[in-house]
Amino acid sequence: MAAKKIIAICQSGGDFVTDKDGSLSYSGGEAFAIDINEQTSLSDFKSEIADMFSLSSDNMSIKYFLPGNKKTLITISKDKDLQRMLNFLGDSLTVDVFVASDEAAARNVSNMPGSRSSRTTVSEAVGFPIVAPGNAVLGMTDAIDDVDMDMPNETPMDCMPINIIEHHKAAQVWENTITGVDQRFNSFNEFREALHKYSIAHGFAYRYKKNDSHRVTVKCKAQGCPWRIYASRLSTTQLICIKKMNTMHTCGGAAVKAGYRATRGWVGSIIKEKLKISPNYRPKDIADDIKREYGIELNYSQAWRAKEIAREQLQGSFKEAYNLLPFFCEKIKETNPGSIVTFNTKDDSSFHRLFVSFHASISGFLQGCRPLIFLDSVTLNSKYQGNLFAATAADAEDGIFPVAFAVVDAEDEDNWTWFLRELKSAVPTSSQLTFVADFQNGLKQALADVFDKCYHSYCLQHLADKLNRELKGHLSHDARRFMISDFYSAARSPRLEGFQRDTELIRAISPEAYDWIIQSEPEHWANAFFGGARYNHLISTFGQQFYSWVSEAHEFPITQMIDELRGKMMEAIYKRRVDSSQWMTKLTPCNEEKLRKETAMARSFQVLLTQGSTFEVRGENPEVLAVVNIDHWDCSCKGWQLTGLPCSHAIAVIECIGRSPYDYCSRYFTTESFRLTYAESIHPVPNVDRPIEDELPEVTAVAVTVTPPPTKRPPGRPKKKQPESIDMMRRQLQCSKCKGLGHNKKTCKES
């Protein structure tokens with residue numbers, strides 16, 4: 001496939017002009033067009049530009065605007081930046097690129113008024129007060145006495161020469177956001193924002209002396225520096241005007257020790273457009289870009305919080321999303337008739353839990369899926385935390401089919417019982433269900449209470465993790481590794497003798513582990529004893545794809561998170577419906593391949609009739625391999641019963657009596673069942689984040705106000721702790737002297 005081609009309109013020799021709304025336009029100079037694509041390197045691009053404009057490719061600055069944003073210039077300094085620009089452009093055919101020599105930029109900076117010394121460190125260039133609505137000032141430091149200032153009424157911005165810091169190109173456009181006396185603004189917030197940008201561009205810190213709804217007085221933060229500015233409301237108007245300004249700095253770069261801090265809100269507004277285009281914009285990349293473009297150094301935590309603010313600016317309020325839940329639930333039921341959507345609040349109106357099962361999921365499970373449901377939970381690292389419960393099924397291709405899910409404030413028996421009751425009402429079925437689920441956190445009792453005649457298969461992974469944790473201090477790494485491997489083998493063994501053989505191997509390693517396994521109710525997890533139909537699925541984390549969707553969406557407000565999951569499910573249903581429309585076989589492709597392999601093995605077997613519908617199957621040697629009862633769909637190897645597809649022994653019998661193996665396959669593996677699973681569609685839910693005003697009163701007039709749950713995510717990066725698997729178990733220390741675990745020879749107490 002040919003690489004995507006973009007025409008770069010390269011412009012040089014002109015000047016940027018700031019419009020009234022803060023956007024930039026480029027005036028003057030020359031322009032040339034250059035074709036670039038994904039294979040174009042930055043060095044080649046620079047070389048061609050250098051030939052056109054007679055510039056040095058080693059001393060060149062290249063910038064461009066993000067699509068739809070004429071206020072922020074992005075610098076291209078490496079190949080990755082050039083590729084990122086192509087990704088940002090989407091389907092655009094052209095891009096405006098602005099070129100200048102670094103020498104010209106440096107000359108412009110050297111004449112820049114109010115710039116700071118190169119001795120000013122980046123860490124010293126950080127600490128604005130956060131201005132809240134209503135002109136209140138938050139986070140102010142170093143209170144200043146309320147005294148009048150003697151400020152010269154000077155229009156020209158004269159100042160004494162100062163050594164200049166490294167020129168940060170993105171901040172260059174802010175050099176003239178403050179031009180001097182008589183400059184007017186529409187509001188104090190607009191003036192404060194302009195002052196904020198001006199101080200960043202010129203590299204100095206400031207503090208407020210007065211800051212209210214009538215006047216703002218600001219001075220340089222450095223002790224004794226005469227720089228001042230005073231603005232107040234223009235009489236008989238709503239405009240704000242700069243009345244006095246002393247533009248002289250005498251502090252020098254090294255004098256600014258406290259520096260100023262870029263607020264999280266400001267950084268959030270800067271990165272908002274880039275985050276919109278690149279949702280996976282990492283905090284580390286944010287910090288690097290802000291340092292390179294604006295000369296401000298952020299630590300990881302600051303960048304992460306700024307990203308949170310930018311995300312909320314783009315996606316809407318996390319808090320308000322809870323109040324939209326009544327509207328949102330009604331819209332789901334309106335756009336997807338037959339869906340089950342319920343939510344509860346606590347006595348204080350705070351969010352408690354939300355259940356969602358789309359009509360397409362309900363119909364698909366009842367029409368085409370096996371009576372097998374996987375239950376699991378995922379911890380949400382959203383602003384207000386919580387857990388997501390999921391009930392998933394397996395389609396005919398063993399693909400994940402979400403049946404229902406819920407967002408709850410905590411994982412406990414009460415919430416699991418509620419979830420299972422809602423699930424039972426959503427998918428009423430006469431079939432006896434088998435659940436693969438954990439047995440802790442109240443889930444075991446909840447299943448017994450709600451589905452009294454179901455089969456509960458304990459999740460093998462949760463069991464193995466529990467066994468591993470309880471014996472970690474008593475067994476070496478290798479011993480535990482063998483023990484867990486034998487445990488899985490015992491669970492999968494279809495017959496009693498195999499289970500006993502594997503558990504005896506565990507007894508040889510540890511009698512305590514053997515006792516633990518025997519007491520862990522093998523009838524709930526071992527194939528040799530389990531009465532339900534699991535189709536060889538032994539772990540509840542079957543729905544990993546669905547949980548990955550959750551991990552991508554959990555940082556959205558709750559209504560948008562649910563809608564993101566709805567969108568993923570909608571796309572998956574549509575794609576699988578389209579794919580299956582091309583299938584021409586009776587079974588799905590995966591099951592056709594399984595049946596073909598079993599049929600190939602069956603050709604070497606010999607079949608003998610013993611009695612009625614019972615047959616013996618023998619191999620090349622005369623020994624009996626298996627006994628098959630064709631009427632009961634039973635084979636002594638248990639492969640037929642465990643999988644739902646005839647094993648090689650059964651196929652040998654089926655072909656011997658002149659029948660088709662397809663007649664002895666479970667209907668759940670047919671192409672028809674797969675198509676029935678995905679026959680219904682999930683429809684979009686409009687106005688999720690910003691409902692139309694006329695719609696709100698009708699729904700919310702009788703609905704309770706919903707507030708966020710009281711729990712909040714702790715500060716810092718969320719910690720992701722993965723369960724210790726067989727292959728990932730950490731090796732424990734073992735003392736070479738006493739052979740004990742958890743210490744070495746040096747710290748041994750027997751020394």
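Keep in mind the model is a prediction, meaning the values are calculated, not measured.

Time to look at the overall build of the protein. Tallying secondary structure elements over the protein gives 23 helices and 25 strands in all. Among the 751 residues that make up the protein, the fraction classed as buried is 49%. For the protein, long-range pairs separated by at least 24 residues make up 66% of all intrachain contacts whose partners lie at least 6 apart in sequence. Counting only carbon and sulfur atoms, one obtains 49% of the accessible surface of the protein, whose full area is about 36,400 Å².

Helix H14 (residues 477-492) packs onto helix H13 (residues 460-470) with a crossing angle of 150° between their chain directions and a minimal axis gap of 11 Å. One way to sum up the angle between H13 and H14 is to call them roughly antiparallel. The two elements H13 and H14 meet at a crossing, and its hand is right-handed. On H14, the residues that touch Leu 460, Gln 461, Leu 463, Ala 464, Leu 467 and Asn 468 of H13 are Arg 480, Met 483, Ile 484, Phe 487, Tyr 488 and Ala 491. When its residues are assigned to classes, the contact of H13 with H14 shows 9 nonpolar, 2 polar and 1 charged.

As a further point, take the UniProt feature "domain: SWIM-type" (unreviewed entry) in the protein. As recorded in UniProt, the sites labelled "domain: SWIM-type" (unreviewed entry) are residues 626-658. The span residues 626-658 is 42% helix and 18% strand, and its two end C-alpha atoms sit 19 Å from each other.

Our focus in this paragraph is the packing of aromatic side chains. Evaluation of the coordinates by the stated rule reveals 31 aromatic pairs. A ring pair is formed by Phe 435 and Phe 451, whose centres lie 4.8 Å apart and whose planes are at 55°; its orientation type is tilted. Separated by 16 residues along the polypeptide, Phe 435 in strand S20 (residues 434-437) and Phe 451 in the loop between helix H12 (443-450) and strand S21 (455-458) bring together distant segments of the chain. Each member of the pair, Phe 435 together with Phe 451, is buried. One aromatic cluster in this structure is built from Phe 355, Phe 389, Trp 416, Trp 418 and Phe 419.

With respect to the element layout, Arg 469 can be found in helix H13. On the basis of relative accessible area, Arg 469 is assigned to the exposed category, the value being 52%. Distance in space between the C-alpha atoms of Arg 469 and Arg 480 is 10.0 Å, their sequence separation being 11 residues.

This part is about the nonpolar core. Soluble globular proteins: nonpolar side chains tend toward being buried together. By size, the foremost hydrophobic cluster in this structure holds 101 residues, and its most contacted members are Leu 375, Phe 419, Leu 420, Leu 423 and Phe 546. A per-element tally of this core places strand S19 (residues 400-408) first, with 8 residues. Setting aside its immediate chain neighbours within four residues, Leu 423 contacts Phe 355, Ile 373, Leu 375, Ala 391, Val 403, Ala 404 and Phe 435.

Further remarks concern the pattern of salt bridges. A complete count under the given rule lists 21 salt bridges for this structure. A salt bridge links Arg 282 to Asp 285; its shortest N-O distance comes to 3.1 Å. The exposure class assigned to Arg 282 is partly exposed, which follows from its relative accessible area of 44%. The exposure class of Asp 285 is buried, given its relative accessible area of 14%. In this structure, Asp 563 engages Arg 566 in a salt bridge whose closest nitrogen and oxygen atoms are separated by 2.7 Å. Here the residue Asp 563 and the residue Arg 566 both occupy positions in helix H18 (residues 558-580), the gap between them amounting to 3 residues, near one helical turn. One connected set of salt bridges, linked through shared partners, spans Lys 78, Asp 81 and Arg 84.

Moving on: the sheet that holds strand S24 (residues 624-629). Pairing within the open sheet is antiparallel, and its 4 strands lie in the order S22-S23-S24-S25. Each end of this open sheet is capped by a strand with a single partner; those strands are strand S22 (606-611) and strand S25 (634-635). Note: strand S23 (residues 614-618) against S24, 5 bridges, orientation antiparallel. Following the sheet pairing, Arg 618 is matched in S24 by Val 624. The sheet contacts of helix H21 (residues 648-656) involve S22, S23, S24 and S25, and relative to S24 the element is tilted by about 60°.

What the 7 strands build is an open sheet, ordered S15-S16-S19-S18-S17-S20-S21; its pairing is mixed. Of all the strands in the sheet, just strand S15 (340-345) and S21 have a single pairing partner and so form its edges. On average, each strand axis in the sheet is tilted by 20° relative to the strand beside it, whichever way the strands run. Pairing between S15 and strand S16 (residues 351-357): 6 bridges, direction antiparallel. Its bridge partner being in S16, Asn 344 is matched across the sheet by Arg 353. Its contacts with the sheet put helix H17 (residues 544-553) on strand S17 (372-379), strand S18 (387-394) and S19, and the angle it makes with S19 is roughly 40°.

What follows concerns unusual backbone geometry. A positive phi angle, close to 55°, is found at Gln 385, a residue other than glycine. One can find Gln 385 in the loop between S17 and S18. Even without glycine at this site, Lys 638 takes up a positive phi of about 70°.

Thresholds, definitions, all that
Going along each chain's sequence as written, the residues are numbered from 1 onward. Residues qualify for local features only when their pLDDT is at least 70, as the model is predicted, and side-chain atom pairs are given and counted only at 80 or more; totals for whole chains, interfaces and linings, by contrast, use all residues. To get the side-chain values, take all heavy atoms of the structure and skip hydrogens and water. Working definition: helices are DSSP H or I runs of at least four residues, strands are E runs of at least two. Numbering for both runs from the N terminus. For each residue, the accessible area found with a 1.4 Å probe, counting protein chains only, is set against the maximum for its type, and the residue is called buried under 20%, exposed over 50%, and partly exposed in between. A contact between two residues is defined here by any heavy atoms of the two lying within 4.5 Å. Per-residue accessibility takes into account occlusion by the displayed protein chains alone, with areas from the Shrake-Rupley method and a 1.4 Å probe. Convention adopted: a line fitted to C-alpha atoms gives each axis, helices being fitted over their contacting stretch, and angles between N-to-C directions are expressed from 0 to 180 degrees. Angles below 35 degrees are treated as roughly parallel, those above 145 as roughly antiparallel, those between 65 and 115 as roughly perpendicular, and all remaining angles as oblique. We call a crossing left-handed when the near helix sits turned anticlockwise from the far one by less than a right angle, and right-handed when that turn is clockwise. Residue classes follow a fixed rule: Ala, Val, Leu, Ile, Met, Phe, Trp, Tyr, Cys and Pro count as nonpolar, while Asp, Glu, Lys and Arg count as charged, and any other residue, Gly among them, counts as polar. UniProt positions are given in the numbering used here, feature names are shortened, and annotations may be inferred rather than shown by experiment. Stacked, edge-to-face and tilted are the three classes for Phe, Tyr and Trp ring pairs, Trp counted by its six-membered ring, which pair at centre distances within 6.5 Å; planes under 30 degrees apart are stacked, over 60 edge-to-face, the rest tilted. In this description, a nonpolar core means a group of buried Ala, Val, Leu, Ile, Met, Phe, Trp, Tyr and Cys residues linked to one another through side-chain atoms lying within 4.5 Å. Any Lys or Arg side-chain nitrogen found within 4 Å of a carboxyl oxygen on Asp or Glu counts as a salt bridge. Only strands that DSSP links by at least two bridges are regarded as paired with each other.

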